[in-house]
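Letter by letter, the chains look like this.
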Amino acid sequence: ATSEDTDDIAAFLGQLKGVLHTATIREHQGGECRVSVRTKADELNATRVCARLGGGGHKAAAGATLPMAQDEAKLAVENAFRQLGYL
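So, here's what we can say about the structure. No experiment lies behind these values; they were computed from the predicted model shown. (Residues numbered from 1 in each chain as written. Predicted model: local features only at pLDDT ≥ 70, side-chain atom pairs only at ≥ 80, totals over all residues. Heavy atoms only, no water.)

Quick look at the packing of aromatic side chains
Then step 1. On inspection of all chains with the given rule, the structure shows 1 aromatic pair.
Then step 2. With 6.4 Å between their ring centres and 65° between their planes, Phe 81 and Tyr 86 make a pair best called edge-to-face.
Then step 3. Among the residues examined, Phe 81 registers a relative accessible area of 10% and is labelled buried. (Phe/Tyr/Trp six-rings, centres within 6.5 Å; stacked < 30°, edge-to-face > 60°. Buried < 20%, exposed > 50% of the residue type's maximum accessible area, 1.4 Å probe, protein only.)

A closer look at the pattern of salt bridges
Then step 1. Summed over the entire model, instances satisfying the criterion amount to 1 salt bridge.
Then step 2. We note a salt bridge from Glu 78 to Lys 74, for which the minimum N-O separation is 3.8 Å. Of this pair, Glu 78 and Lys 74 both sit in helix α3 (residues 70-83), 4 residues apart, roughly one helical turn.
Then step 3. Assessed through its relative accessible area of 26%, Glu 78 is described here as partly exposed. (Salt bridge = Lys/Arg side-chain N within 4 Å of Asp/Glu carboxyl O. Helix = DSSP H or I, 4+ residues; strand = E, 2+ residues; numbered from the N terminus.)

Regarding the side chain of Thr 22
Then step 1. Take Thr 22: it is sitting in strand β1 (residues 22-28).
Then step 2. Accessibility expressed as a relative area gives 9% for Thr 22, which makes it buried.
Then step 3. Leave out the neighbours within four places in its chain, and Thr 22 touches Ala 10, Leu 13, Gly 14, Ser 36, Val 37 and Arg 38. (Contact = heavy atoms within 4.5 Å.)

Focus on the nonpolar core
Then step 1. In this structure, Val 35, Val 37, Val 49, Leu 53, Leu 66, Val 77 and Phe 81 are the most contacted members of the largest nonpolar core, which totals 16 residues.
Then step 2. Elements that contribute at least two residues to this core include exactly β2 (32-38), α2 (46-51), β4 (61-66) and α3.
Then step 3. In this structure, Val 49 is in contact with Val 37, Leu 44, Ala 80, Phe 81, Leu 84 and Tyr 86, ignoring residues within four places of it in sequence. (Core = buried A, V, L, I, M, F, W, Y, C linked by side-chain atoms within 4.5 Å.)

Section: the sheet that holds β2
Then step 1. Reading across the sheet, the 4 strands line up as β1-β2-β4-β3 and stay open at both edges, with antiparallel pairing between neighbours. The open sheet is flanked by β1 and β3 (56-57), the only strands paired with a single partner.
Then step 2. Two strands pair when backbone bridges link them, and β2 and β4 are joined in this way by 6 bridges, in the antiparallel orientation. Directly across from Cys 33, in β4, lies its bridge partner Leu 66.
Then step 3. Contacting β1, β2 and β4, α3 runs over the sheet at an angle of about 155° to β1. (Pairing = 2+ DSSP bridges. Axes fitted to C-alpha atoms, helices over the stretch in contact; angles between N-to-C directions.)

Structure representation (structure tokens):
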């Protein structure tokens, strides 16, 4: 799979029955991670989450690039959701 294919995975996960929101993290060479957040926009604002991580987008789909390893990126994403009261 290519890096572009992983964007489709983030969108696909939200199509599964019962899934309202998704966050995917993929690590790139050079020690950075790309975060993709997909949501039901009337329940969770993806832009607000990703803005806390230095990224952007729109209410239903947003992303950010984090200069850290995957484990650290996961904690940063969880913290962004928690700060906004989503976790």
